[in-house]
Each structure stands twice: as structure tokens, then as C-alpha cells.
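A look at the structure
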Amino acid sequence: MIEARKAWRTVRRIIEGSDLVLEVLDARDPVETRNRRVEALSRRYGRPLLVVLNKVDLVPFEVALSWKKHLGKEWPTIFISAKHRMGTRRLYRWIKMLAPRLPAKVAVVGYPNVGKSTIINYLKGRHAAGTSPMPGFTRGEMLVAAKSWLYVMDTPGVVPPEEATSEELLVIKGAVGPHELDDPVPPAISLIKRILYFNPRAFRDAYNIWSTEPEEILEAYGKARGLMLRGGRVNLDAAARGIIKDWIRGKLSYHYPPPE
Ligand SMILES: Nc1nc2c(ncn2[C@@H]2O[C@H](COP(=O)(O)OP(=O)(O)OP(=O)(O)O)[C@@H](O)[C@H]2O)c(=O)[nH]1
Ligand SMILES: [Mg+2]
């Protein structure tokens, strides 16, 4: 919790010192990765904000488009895939358009693991910021000179304090790694339920598991990976961590349209 408060302090200071804020969301779950506290801070300091829906390679094009339209009612919004280097030109264009001056100092903020550091590397065109499939990787801030007219600030992923109390929610948001959980089974079960709700085929597609019962899916996953305890029972703990990891890494995916 102290760690989280420190991270928010960093983010607040960086937003205050920036010309433009990029709020990064995971296109698989824009509702759960939308960071209204970041939006409130941008408003408070009068900084323009661009919503960047990242990881669109994991959702159908029409879904990304409908979210862009939906979120676009509140903030300028674009979608990109930083990993697959899709959408850079558009991103540069929007930064130039929204920044009140050049060179612009741009703060890249959002939940853990949404791809902030990957976006920084992609803006720079080569590796500058450390990235990791495990959330909570970036600990401090980092200023990167991406172009002659563009400075970008990498920031640690932040979770609003009121959400930091539910491990189940944090797992869905991709904001905690499996190694951080004492008992990964309950959050894995809620994650499986949510994935099934939005994408009933997810486990079939990812692992060829046809069950639609969360507990059975966990068992089948453990069995298929050889995650067994002595006596022939499945190591549910390890299976739960495995599924959470696959969700974080984008091996499991779902999507849903914005509200009408
Ligand atoms: N499929 C897909 N994966 C991506 C994309 N962008 C980033 N990732 C992956 O998401 C994971 C997290 O990326 P990071 O850039 O480290 O995320 P971050 O927001 O900086 O995370 P923290 O520093 O922990 O807050 C990595 O495994 C990236 O490869 C994308 O566009 N598509
Ligand atoms: Mg990072």
C-alpha cells in the first residue's frame, strides 16, 4: 500500500509536469483498465489527455473501433498495438495535434501491464524502457527523448486505492502477477468466469479444453500441463497461477462492446 501511494505521488507529479497525458488502456477490457483517477488528475492540472487503447491485436477490429467511438465522446481516443507496431503514425499525429507546445513532454500513465513501457519503446523506435509480462515492472519514472520534438515519461502502473483491496479485481485487470497472490485459486476462478462470460470459446481456443465449469477447467489445465501433486491430484495452486499468467500474457482473451 505504501508502495502504491508512492507510485501515485510519482504519477501525479509527472502529470503536473507534462504537456500531455497518454492514458493507456487494455483493449481486452477497457472498462476495467480505464483509470478515472488519472483522468481527474489531468483535468485538475489542465493537461490535455489522449486515450490510447493498446493491445488491439487481441480484439476484433470492429470492437476496437466501437470503443474508440464510445470513449471518443469524452476524450480524444486512438487504438494501437504497440507490440505489433501498428498505429505509430497516428499516435505521433495526435500527440503533435494535442500538445500545446513542441518539444512536448508526454506522460504515459495507466494500470500495470497495459503496455506503457512498450509504447515508449515504440515511440522511440528502439529499446529504451524495460518491459515485462509481469505487472508492476516499472518502479520509477524515466524520461526518454523519443524524437527531437518529443519527450516521453514512463511511469509505474497505478491502481486506484479503492480497487487495490480486491485480489479478484486486480487479477482481472492484469494488475498483479500470480507470484504476488497467497491463494491464487479464488481469483483464478473469478477470472475464468469472466473470460467464459465474454468468450465461451476462450479455453477451447487456447488449450483445447471444452468444459465450461471453472473448477473443471482448472483441473483440466493442470492435468494437461502435468501440474500434479503426489497421490495423483492436480496442483490447483500451480494451475491457477498458470491461467493468470496466460491472461496477463495475452494468451487468453475476451472482448465486449461498449454500452449503447
Ligand atoms: N498482445 C500485445 N501485448 C502487448 C502489447 N503491448 C504490450 N504488450 C505486452 O504486455 C506486457 C506488458 O508490457 P509493458 O510495456 O511492460 O507494460 P507496462 O504498462 O509498462 O507495465 P508496468 O511497468 O508493470 O506498469 C508485455 O508482455 C508486453 O509485451 C500489444 O500491443 N499487444
Ligand atoms: Mg512499465
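You'll find the structure just up there.
Read on for a plain summary of the structure. Since the structure is predicted, the reported quantities are computational estimates derived from the model, not experimental observations. (Residues numbered from 1 in each chain as written. Chains lettered and ligands numbered in written order. Predicted model: local features only at pLDDT ≥ 70, side-chain atom pairs only at ≥ 80, totals over all residues. Heavy atoms only, no water.)

Attention now goes to a positive patch on the surface. The grouping of R5, K6, R9, R12, R37 and R44 at the surface amounts to a positive patch. When residues of the positive patch are traced back to their parent elements, those giving at least two are α1 (2–16) and α3 (36–44). The biggest single contributor to the positive patch is α1, with 4 residues. Within the fold, K6 resides in helix α1. (Patch = residues over 30% accessible without salt bridge, like charges linked within 9 Å, V, L, I, M, F, W, Y side chains within 5 Å. Areas by Shrake-Rupley, 256 points an atom, 1.4 Å probe, with all protein chains shown as cover. Salt bridge = Lys/Arg side-chain N within 4 Å of Asp/Glu carboxyl O. Lys, Arg positive; Asp, Glu negative; His and termini not counted. Charge placed at Lys NZ, Arg CZ, Asp CG, Glu CD. Helix = DSSP H or I, 4+ residues; strand = E, 2+ residues; numbered from the N terminus.)

The next point concerns the pairing of strand β1 (residues 20–26). Counting buried residues along β1, 7 of its 7 residues qualify, which places the element largely inside the surrounding structure. Burial of β1 is two-sided: the residues L20, L22, V24 and D26 facing one way and the residues V21, E23 and L25 facing the other way are all buried. Strand direction decides the pairing type here: β1 and strand β4 (residues 104–110), joined by 5 bridges, are parallel. Its bridge partner being in β4, V24 is matched across the sheet by G110. (Buried < 20%, exposed > 50% of the residue type's maximum accessible area, 1.4 Å probe, protein only. Pairing = 2+ DSSP bridges.)

Time to look at the packing of aromatic side chains. Summed over the entire model, instances satisfying the criterion amount to 10 aromatic pairs. Look at F61 and F79: their rings are 5.7 Å apart centre to centre, the planes differ by 80°, and that puts the pair in the edge-to-face class. Linking F61 in helix α4 (residues 61–71) with F79 in strand β3 (residues 77–79), this pair joins segments that are 18 residues apart in sequence. Residue class for F61 comes out exposed when judged on its relative accessible area of 52%. Judged by relative accessible area, which is 5%, F79 ranks as buried. Residues F203 and Y207 carry aromatic rings whose centres are separated by 6.1 Å and whose planes lie at 40° to one another, so their mutual orientation is tilted. With F203 and Y207 both in helix α9 (residues 202–207) and 4 residues apart, this pair spans about one turn of that helix. By relative accessible area, which is 1% here, F203 ends up buried. Put simply, the rings of W67, Y197, F198, W247, Y254 and Y256 touch in pairs and so form one group of aromatic residues. (Phe/Tyr/Trp six-rings, centres within 6.5 Å; stacked < 30°, edge-to-face > 60°.)

Before going further, it helps to spend a moment on empty space enclosed by the protein. Enumeration over the complete set of coordinates arrives at 1 cavity of 30 Å³ or more. Put simply, the largest cavity is a space of about 30 Å³. Lining of the largest cavity is provided by D26, R28, D29, T33, I172, K173, G174 and W247. Split by residue class, the lining of the largest cavity holds 2 nonpolar, 2 polar and 4 charged. Composition of the lining of the largest cavity by domain shows at least three residues from each of domain 1 (2–161) and domain 2 (166–248). (1 Å grid on protein atoms, 1.4 Å probe; cavity = no way out; pocket = protein on both sides within 12 Å on 5 of 7 lines; lining within 4 Å. Points joined across faces, edges and corners; volume = space filled by probe spheres on them. Nonpolar A, V, L, I, M, F, W, Y, C, P; charged D, E, K, R; others polar. Domains from an automatic or database assignment.)

With that settled, consider the site of ligand 1. Around ligand 1, 23 residues are found, and the nearest of them are D57, K116, T118, G136 and T138. In the model, an oxygen atom of ligand 1 is placed 2.9 Å from a nitrogen or oxygen of the S117 side chain. With respect to ligand 1, the backbone of F137 contributes an N or O atom lying 2.8 Å from an oxygen atom. Protein burial of ligand 1: of its 660 Å² of free accessible surface, 93% is covered by the chains. Here the shell around ligand 1 gets 3 residues from one element, more than from any other, and that element is helix α6 (residues 116–124). Each residue belonging to the shell around ligand 1 can be placed in one class, and the counts come to 8 nonpolar, 11 polar and 4 charged. (Near = heavy atom within 4 Å. Polar contact = N/O pair within 3.5 Å; in protein donor to acceptor, adjacent residues only side chain to side chain.)

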